[in-house]
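# Inside the fold
As a plain string of letters, each chain reads:
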Amino acid sequence: MSHNRNVLFGLGLESGVTQVSEMLGHARLADDAGLDLVSLSDHPYFAERIDAYAALGFVLGATSNVTAATIMTNLPSRPAPVLARAATSLSTVSRGRFILGLGAGGGLPEEIAALGLPRLSPAARVRALEEAITVVRALSGGGDPVTYDGEFSQLTGLMPADAPAPPIWIGALGPKMLTVTGRLADGWIPGHLADWRSTVVAQARPIVDEAAASAGRDPAEVATIYNVSGRLTREPLPATRDDDGRWIGGGVAQWVDELTSAVLEHGAAAFIYLRRQGEIIDDTTVNLWARDVAPAVREAIAKH
């Protein structure tokens, strides 16, 4: 597997309605500290969370350099043509600082149904996601009016925006979703905090690579992006993985060794640090991640 030397480091932002100041504060801190991106989750059925697309405009307006991403956009609740307009608009106002993360919406079907949206079968969700990628790209980059008669979207003479399509990252684990990812996406995010040493990734990534190659693409064009979580301390911890082999965190040097290995030995292209369940990331942790871990990993990679 090829090594991506331009490894990205990101931070998952708070999305609770009572956490607005933390969200914007950490976005600014990430921007000032030289992180590459910040991300917001998209769960429009939860009243206690801020709508991701409403928040992204504020986040991008409060920062200058960091890229913002939706990880992952809840596709069933956002019709593809409208999503395309939102994506190109955010790209335009931020001068290209937006990444479109897409999920098929299979994780919380009851919550999606509570919005009054139709229940789609797993196969239909995959088709809807593939079609959404087609629509977003067709309505980006300028050109002639677009007419499209799809299963989920119908367009008649709709003008595309002049802005280019943003990079598209897909959260996927099932074989059909992985195949779509390999054929069409710019990045793949393994689900459930699966990490570079997991059997999940070892079994899934070859499906992405095979689909990419079958579509005439270089599999290395599909970056692997990891959501990471766990303790982050200045001093080493006794153990960095649990009894099941899952990463649980460590000291700065332990994080650096682990992530450097993930890049050089497993082809990782990006890491987004997320708060652990029930916790809020404090400024100290953000600074350790942005000012200690990220630069040290970049330096270690550059030596190889």
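Refer to the structure presented above.
The notes below deal with the structure included here. Since the structure is predicted, the reported quantities are computational estimates derived from the model, not experimental observations.

### Focus: the environment of Arg183
With respect to the helices and strands, the residue Arg183 is situated in helix H6 (residues 175–184). C-alpha of Arg183 to C-alpha of Tyr226: the two residues are 43 residues apart in sequence and 20 Å apart in space. Other than its neighbours up to four places away in sequence, Arg183 contacts Glu130, Ala211, Ala212, Ala215 and Arg217.

### Quick notes on the sheet that holds strand S1 (residues 8–12)
The parallel closed barrel is built from eight strands, whose spatial order is S1-S2-S3-S4-S7-S8-S9-S12. Neighbour-to-neighbour, the strand axes of the sheet open up by a mean angle of 25°, direction not taken into account. In the sheet, strand S2 (residues 37–40) pairs with strand S3 (residues 67–74) via four bridges, with the strands oriented parallel. Each residue of the ladder has a partner; that of Leu40, found in S3, is Thr70. Each of S3 and strand S4 (98–103) touches helix H3 (residues 80–93); the most contacted strand, S4, lies at about 155° to it. The sheet strands contacting H6 are strand S7 (168–172) and strand S8 (187–190), and the helix crosses S7 at an angle near 165°.

### Overview of helix H7 (residues 199–214)
For an α-helix, the turn length of 3.6 residues means that residues three or four places apart are oriented alike. When the terminal C-alpha atoms of H7 are compared, their 23 Å separation across 16 residues agrees well with the 22 Å that a helix rising 1.5 Å per residue should span. Within H7 the residues assigned to the buried category are Val201, Ala204, Arg205, Val208, Ala211 and Ala212. Along the axis of H7, the buried positions cluster into a sector of 125°, meaning they face one direction only. Among the exposed residues of H7, those pointing more than 90 degrees away from its buried face are Thr199, Ala202, Gln203, Glu210 and Ser214. Those residues of H7 hidden inside the fold are in contact with H6, S8 and strand S9 (223–228). Backbone geometry just after H7 places Gly216 at a positive phi near 80°.

How each quantity is defined
Numbering of residues starts from 1 in each chain and follows the order in which that chain's sequence is written. Owing to the predicted nature of the model, reporting of local features is limited to residues with pLDDT of at least 70; listing and counting of side-chain atom pairs is limited to 80 or more, with chain, interface and lining totals taken over all residues. Values shown for side chains rest on all heavy atoms present in the structure; no hydrogens or waters enter the calculation. Counting from the N terminus, the helices are the DSSP runs of H or I reaching at least four residues and the strands are the DSSP runs of E reaching at least two. Contacts between residues were defined by any pair of non-hydrogen atoms, one from each residue, lying within 4.5 Å. A strand pair is defined by DSSP finding two or more bridges across the two strands. Angles shown run from 0 to 180 degrees and are taken between the N-to-C directions of axes, each axis being a line fitted to C-alpha atoms and, for helices, limited to the stretch in contact. The length a helix should cover is 1.5 Å for every residue beyond the first. Classification of residues uses two cut-offs on accessible area relative to the type maximum, computed with a 1.4 Å probe and protein chains only: under 20% is buried, over 50% is exposed, and between them is partly exposed. To obtain the arc, one takes the directions from the helix axis to the C-beta atoms.

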